[in-house]
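The residues making up each chain are set out below.
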Amino acid sequence: MQRIACPERDDWRTTAENAGFTFHTIDGERYWDERAYYAFTLDEIERSIEAPTGEIDAMCLELAGRAVRDERYLRRLKIPEAFWDLIAASWRRKNPSLYGRLDLTFDGSGPAKLLEYNADTPTSIFEAAVFQWTWLEQAIARNIIPKRADQFNSIHDRLIEAWKRIGATHPLHLTGLTGNPEDAGTLAYLEDTAAQAGLKTTLLDIEEIGLRDDGQFVDLDERPIALAFKLYPWEWMFHDAFGKNLSSAPTQWIEPPWKAILSNKGILPLLWEMFPNHPNLLPAYFEDDPQAAQLGTSFVRKPIYSREGANVELVSAGVTLIAEQGPYGTEGFIRQALAPLPNFSGQYPVLGSWLVDGTPCGLSIREDENPITGNTSRFLPHAILQRVDAVALSTPSS
C-alpha cells in the first residue's frame, strides 16, 4: 500500500458535474481529491481487504441471528423494545440487504482492523462505484498512472444485479433527506442503478411520505409504498412521528429492520465477545462494563449511535488527543482499543470496503489531516498496480 502523488485531470470538475457529482467540493474545500491515489498490490486487495471483509460480514450476520433470538443483545444495543418484533420478523423473512460498508484501518502490513460498520445508510457509493472508475480509465488514457492498472470495483454492476433480485415484484420508492446534496446525489445514483435493473422508481423526500387511514405508507400521489429504499437511519425512524406505524405497515424497507442491529457501534464489543482475539477485530467493551479497564488509559471512545465521527474521542495514556463535538451519546458509549490510522505524509486514510448483496466488491478511501474521519474528509481514488514502485510515493510514517 502506497500513497502516490500524481497530476490531476484539468477537466475533472466539469467531468464531475456532467456526471451529477455536484458535491465534489464542500464549503469551498475539495471533497474529491485526485492529486494523489492509493496503490495496492492484487495480493493486498484479495488477502488483506476482500477476504477479511467477507469474514467480518459473516460474523456480523451471526451476531444479528443471535440478537433476534436473545433480547439481551437488543437491550445492550439500546434498541427500543417496541421494535424488537419488527426487527426479528424481518430477519426471519430473510428481507434482503442491498449494501453496506466496513471501515477498516490498514497500512499494508498486518491484518486490516474493523473500526466500524456502516450497515444502514452508507454514502460515498457514487464516488466509489462510478467516479473513481472514470478516473482510472482516464488516468490510464492520459498516462497519469500505469497502463495495466486496475481497481477493486464491481460495485455498479453488482448493484444492478442486486436490484433485479430485490425489486422484481414491486415498484421502488427511494427516500431520504433530499435537501442534503450528498444524500440527494446518493439517492439519484441508486435510483439510476435500479432503473437500469428494470425497476419503476419514484424519488421523494422522507417528509413527503404519507400515511393512509388503513396504515399504509403512500407517496404524494396516494400510491402505496410497497418497497422502499431509505437513506435515513433506523434509529431516527424509530423516534419519528410515523415510527409507531412501522410494525403494522406492509412496506418492505431497504435496508431491512434487522440492519438496525448492525448499524450500531455496540456491535464492536459484542463481536469481540463472540470472536475474541480475531485478527481483524480490535478489543472493545461497553463503557459501563468493568472489563473496559483492560484497555488501560489508551482507547477510542465512541457513542453507540453517531455519524461522521461526531462525539468520537481519542485518548492516549490518559490524555485526550482529539475529541469531535456533536449531538450523540445519550444512549451510552463503547471503548475500542486505540489503533491509530496510518500516517502517509500527514494524511490519515480510512479504507471503506463495500459489500453489495453480501459480496465484497469495492474499495473507497477517505483521508484527512485529522485522525478522526469526518463529513468533509477527502475522497481519494485507488488503483491496483502490478508493481507498487512509482516515483513520487509515500509510505506510512512511524
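For the structure, see preceding data.
Quick notes on the rules
- Residues numbered from 1 in each chain as written.
- Predicted model: local features only at pLDDT ≥ 70, side-chain atom pairs only at ≥ 80, totals over all residues.
- Heavy atoms only, no water.
- Helix = DSSP H or I, 4+ residues; strand = E, 2+ residues; numbered from the N terminus.
- Rg over C-alpha atoms; globule rule 2.2 N^0.38 Å.
- Buried < 20%, exposed > 50% of the residue type's maximum accessible area, 1.4 Å probe, protein only.
- Contact = heavy atoms within 4.5 Å.
- Areas by Shrake-Rupley, 256 points an atom, 1.4 Å probe, with all protein chains shown as cover.
- Lys, Arg positive; Asp, Glu negative; His and termini not counted.
- Charge placed at Lys NZ, Arg CZ, Asp CG, Glu CD.
- Axes fitted to C-alpha atoms, helices over the stretch in contact; angles between N-to-C directions.
- Parallel < 35°, antiparallel > 145°, perpendicular 65-115°, else oblique.
- Left-handed = near helix turned anticlockwise from the far one by under 90°.
- Nonpolar A, V, L, I, M, F, W, Y, C, P; charged D, E, K, R; others polar.
- Core = buried A, V, L, I, M, F, W, Y, C linked by side-chain atoms within 4.5 Å.
- Salt bridge = Lys/Arg side-chain N within 4 Å of Asp/Glu carboxyl O.

A.B. asks: Give a description of the overall build of the chain that names residues and reports values.
C.D. replies: Counting secondary structure elements, the chain contains 10 helices and 24 strands. In terms of C-alpha radius of gyration, the chain reaches 21 Å, essentially the compact-globule figure of 21 Å for 398 residues. Counting across all 398 residues of the chain, residues that qualify as buried make up 58%. Sequence-distant contacts, at least 24 apart, represent 69% of the contacts inside the chain between residues at least 6 apart. Here the chain has roughly 16,600 Å² of accessible surface; of this, 48% comes from carbon and sulfur atoms. For the chain, the distance from the average site of its 37 positive side-chain charges to the average site of its 56 negative ones is 4 Å.

A.B. asks: Go over the packing of helix 2 (residues 42-69) against helix 4 (residues 84-92), please, and point to the residues and values.
C.D. replies: Between helix 2 and helix 4, the least distance of the axes is 9 Å, while the angle of their chain directions is 125°. In terms of their interaxial angle, helix 2 and helix 4 are classed as oblique. Viewed along their axes, helix 2 and helix 4 form a crossing whose handedness is left-handed. Between helix 2, through Leu 61, Ala 64, Gly 65 and Val 68, and helix 4, the contact on the second element is made entirely by Ile 87, Ala 88 and Trp 91. Split into classes, the residues belonging to the contact of helix 2 with helix 4 amount to 6 nonpolar, 1 polar and no charged.

A.B. asks: Any chance you could break down the nonpolar core for me, citing the residues and the numbers?
C.D. replies: Counting residues in each nonpolar core, the largest one holds 79 residues, and the members touching the most others are Phe 40, Leu 246 and Ile 261. In terms of residue count, helix 2 provides more of this core than any other element does, 9 residues in total. In this view, Leu 246 contacts Phe 83, Leu 86, Phe 217, Trp 234, Met 237, Phe 238 and Trp 253; residues no more than four positions away in its chain are not counted. Among the nonpolar cores identified, the runner-up in size contains 49 residues, and Tyr 31, Ile 144, Tyr 189 and Cys 361 belong to it.

A.B. asks: Tell me what's going on with unusual backbone geometry, and back it up with residues and numbers.
C.D. replies: Note the cis peptide between Ile 254 and Glu 255, where omega equals 0°. Assignment of secondary structure puts Glu 255 in the loop between strand 12 (252-254) and helix 9 (259-262). One non-glycine residue with positive phi stands out, namely Lys 78, at about 60°. Tracing the backbone shows Lys 78 in the loop between helix 3 (71-76) and helix 4. Classification of Lys 78 by relative accessible area gives partly exposed; the value is 41%. In the Ramachandran plot, Ser 124 falls in the positive-phi region, its phi being about 70° despite a non-glycine side chain. Within the fold, Ser 124 resides in the loop between strand 6 (113-118) and helix 5 (125-141).

A.B. asks: Would you mind going over the pattern of salt bridges in detail, with residue names and values included?
C.D. replies: Between side chains of opposite charge, a pair can form when the charged atoms approach closely. Applying the stated criterion across every chain yields a total of 25 salt bridges. The shortest N-O distance in the salt bridge between Lys 230 and Asp 120 comes to 2.8 Å. Taken together, the positions of Lys 230 in strand 11 (residues 227-231) and Asp 120 in the loop between strand 6 and helix 5 put the pair 110 residues apart, joining distant regions of the chain. Each member of the pair, Lys 230 as well as Asp 120, is classed as buried. Here the salt bridges do not stand alone but share partners, grouping Arg 3, Asp 33, Arg 35, Glu 367, Glu 369 and Arg 378 into one network.

Any functional reading would require information beyond the geometric quantities listed.
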